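Here is what each chain is made of, one letter per residue.
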Amino acid sequence: MLTRSYPRYLGRFAPSPTGPLHYGSLVTAVASYLQAKSQNGDWLIRIEDIDPPREQAGATNSILRTLHDYGFRSGSKPIFQKKQFKNYIYHAQRLIKLNHAYACECSRKDLALISSHGSMGAIYPGTCANKNLAPSPDFSIRARCRHSEIRFSDAVYGDQCTNLGKESGDFVILRRDYLPSYILAVSIDDANERYTEVVRGYDLLAITPRQIHLTKLLGRKPPNFMHIPIITNDQGEKLSKQTHAPALNKSHARIMLYNALIDLGQEPPKFLQWRSVMSIWDWAVMNWRPELIPAAPSIPYRL
Ligand code: GLU
């Protein structure tokens, strides 16, 4: 009899070390962890440290300590994007050789003159697409997207369809001075690390078609995607370091985890908030129902 083997679930939480962990990132971490653990899968932490000017000293250690204090457990050591720099450049050069990407000399000033804007910002009109410029640190590198129509089904927000040619145009994968863009790094890492599903905030749903397209240009299979609502403050802004989201405190672990379950649409029994962190996790893994996650873009922070 033929048996088919399916890859074991592998998920990840990928914080940027721009500051300590806050409630908004906790909700994402909880959802990604429960998706993995409830399917008897593995869960990894990837520190997205490719943007040194935005990094805060000590943030990586603080994030890892808080995740541990809040009861998250990973069978593997954290992965650091910084160690992958050469790999990103290698893949960008490979994409140029395959004619899936090209060097672009347009300055910020040139780009500011672009008049058409789509759901992902200014639509690049392809000015340098056929110039065959030799790559140099003075130029950025763009991935071609022609008229690729990207369809995928998000586990929370349902069927998505984007025409990248119309909505974004060819997009930057390496910035000047060979600095990898987020979209290049995430596409390579998610493919190489072989995640079966990516769970992250709704704010990244709009860039997912680019990730899918780029992953295919790299010759790899894109993971599945689940986006979850972002948590917003009183002004309706996403909780983040820039909006001064308070750092998570170890002594609030139980109530914060309990609130995260509620915000994710789960229905934890009231008594759970007074139980140990590990009892909360035991209940959550056993009773996780992703179909209850609200398909709203955001949820207000209510503490
Ligand atoms: N590093 C991103 C953040 O902290 C998340 C990226 C991802 O999950 O793909 O918002």
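What you see is a predicted model, and the numbers here were worked out from it, not measured in a lab.

Cut-offs and rules
Residues numbered from 1 in each chain as written. Predicted model: local features only at pLDDT ≥ 70, side-chain atom pairs only at ≥ 80, totals over all residues. Heavy atoms only, no water. Helix = DSSP H or I, 4+ residues; strand = E, 2+ residues; numbered from the N terminus. Rg over C-alpha atoms; globule rule 2.2 N^0.38 Å. Buried < 20%, exposed > 50% of the residue type's maximum accessible area, 1.4 Å probe, protein only. Areas by Shrake-Rupley, 256 points an atom, 1.4 Å probe, with all protein chains shown as cover. Lys, Arg positive; Asp, Glu negative; His and termini not counted. Charge placed at Lys NZ, Arg CZ, Asp CG, Glu CD. Salt bridge = Lys/Arg side-chain N within 4 Å of Asp/Glu carboxyl O. Axes fitted to C-alpha atoms, helices over the stretch in contact; angles between N-to-C directions. Parallel < 35°, antiparallel > 145°, perpendicular 65-115°, else oblique. Contact = heavy atoms within 4.5 Å. Nonpolar A, V, L, I, M, F, W, Y, C, P; charged D, E, K, R; others polar. Pairing = 2+ DSSP bridges. 1 Å grid on protein atoms, 1.4 Å probe; cavity = no way out; pocket = protein on both sides within 12 Å on 5 of 7 lines; lining within 4 Å. Points joined across faces, edges and corners; volume = space filled by probe spheres on them. Core = buried A, V, L, I, M, F, W, Y, C linked by side-chain atoms within 4.5 Å. Near = heavy atom within 4 Å. Polar contact = N/O pair within 3.5 Å; in protein donor to acceptor, adjacent residues only side chain to side chain. Sits in = over half its atoms within 2 Å of the grid points.

*Asks:* Go over the overall build of the chain, please, and point to the residues and values.
*Replies:* Of regular secondary structure, the chain possesses nine helices and 15 strands. The globule rule puts the C-alpha radius of gyration for 303 residues at 19 Å, and the 20 Å found for the chain is close to it. For the chain, the C-alpha atoms occupy an extent of roughly 65 × 60 × 35 Å along the three principal directions. Expressed as a percentage of the 303 residues in the chain, the buried residues total 50%. Counting only carbon and sulfur atoms, one obtains 52% of the accessible surface of the chain, whose full area is about 15500 Å². Averaging the locations of the 38 positively and 26 negatively charged side chains of the chain gives two centres separated by 4 Å.

*Asks:* Tell me what's going on with the pattern of salt bridges, and back it up with residues and numbers.
*Replies:* Applying the stated criterion across every chain, the model contains 12 salt bridges. Of the charged contacts in the structure, one is a salt bridge between Asp-42 and Arg-8, with a shortest N-O distance of 3.4 Å. In this pair, Asp-42 sits in strand β2 (residues 42–47) while Arg-8 sits in the segment before β1 (10–13), placing the two residues 34 residues apart along the sequence. The shortest N-O distance in the salt bridge between Arg-46 and Glu-48 comes to 2.8 Å. Comparing Arg-46 with Glu-48, the two get one shared label, buried. One connected set of salt bridges, linked through shared partners, spans Arg-12, Arg-46, Glu-48, Asp-189, Asp-190 and Glu-193.

*Asks:* Give a detailed account of the packing of helix α3 (residues 85–97) against helix α6 (residues 182–192), specifying residues and quantitative values.
*Replies:* In the contact formed by α3 and α6, the axes pass within 10 Å of each other and the chain directions differ by 100°. Relative to α6, the element α3 is oriented roughly perpendicular. Touching Asn-87, Tyr-88, His-91 and Ala-92 of α3 are Leu-184, Ala-185, Ile-188, Asp-189 and Asn-192, all from α6. Here the contact of α3 with α6 is built from residues that sort into five nonpolar, three polar and one charged.

*Asks:* How would you explain the side chain of Glu-193 if you had to name every residue and give the values?
*Replies:* When you line up the elements, Glu-193 lands in the loop between α6 and β12 (197–201). The residues touching Glu-193, leaving out its near neighbours within four places in the chain, are Leu-10, Arg-46 and Ile-79.

*Asks:* Quick rundown of the sheet that holds β2? Include the residues and the values.
*Replies:* The three strands are arranged β1-β2-β3 in an open sheet whose pairing can be described as parallel. The two strands at the open ends of the sheet, each matched to only one other strand, are β1 and β3 (79–80). Strands in contact with helix α1 (residues 23–37) are β1 and β2; relative to β2, the strand with the most contacts, it is inclined by about 145°. Of the strands in this sheet, β1, β2 and β3 touch helix α2 (residues 59–69), which is tilted by about 160° from β2.

*Asks:* Quick rundown of the sheet that holds strand β10 (residues 171–175)? Include the residues and the values.
*Replies:* On the basis of which strands lie adjacent, the open sheet formed by four strands has the order β4-β7-β10-β11 and antiparallel pairing. Each having just a single partner strand, β4 (101–104) and β11 (179–180) make up the two edges of the open sheet. When strand β7 (residues 140–143) meets β10, the two strands line up antiparallel, connected through three bridges. Looking at β10, one finds that Arg-142 is bridged to Val-172. The strands that α3 touches are β4, β7, β10 and β11; relative to β10, the one it contacts most, it runs at about 130°.

*Asks:* So what's going on with the layout of surface pockets? Residues and values would help.
*Replies:* Approximately 900 Å³ is the volume attributed to the largest pocket. Lining the largest pocket are 40 residues, and of these Ala-14, Pro-15, Ser-16, Arg-54 and Lys-238 sit closest to its centre. Here the lining of the largest pocket is composed, by residue class, of 18 nonpolar, 11 polar and 11 charged. Its volume calculated, the second largest pocket comes out at about 770 Å³. Along the walls of the second largest pocket sit 23 residues, with Leu-111, Ser-140, Arg-142, Val-172 and Arg-175 positioned nearest its centre. Going through the elements one at a time, α4 (108–112), β6 (121–122), β7, β10 and α6 are the ones with two or more residues in the lining of the second largest pocket. With three residues, the single largest contributor to the lining of the second largest pocket is β10. Here the residues of the lining of the second largest pocket are counted per class, giving 12 nonpolar, five polar and six charged.

*Asks:* If you had to explain the nonpolar core to someone new, which residues and values would you point to?
*Replies:* Core analysis: the biggest nonpolar cluster contains 75 residues, and Tyr-23, Leu-26, Val-30, Phe-72, Ile-173, Leu-214 and Trp-281 have the highest contact counts within it. Not counting residues up to four positions away in its chain, the partners in contact with Val-30 are Phe-72, Leu-257, Ala-260, Leu-261, Leu-264 and Trp-281. Ranked by size, the runner-up nonpolar core spans seven residues in total, among them Tyr-102, Ile-114, Tyr-124 and Ala-129.

*Asks:* Any details on the site of the ligand? Residues and values, ideally.
*Replies:* Neighbouring the ligand are the residues Arg-12, Ala-14, Pro-15, Ser-16, Glu-48, Tyr-182, Val-186, Arg-200 and Leu-204. Tyr-182 has a polar side-chain atom sitting 2.6 Å from an oxygen atom of the ligand. Under a 2 Å grid-point criterion requiring more than half of the atoms, the pocket assigned to the ligand is the largest pocket. By residue class, the composition of the shell around the ligand is five nonpolar, one polar and three charged.

Taken by themselves, the reported measurements are silent on function.
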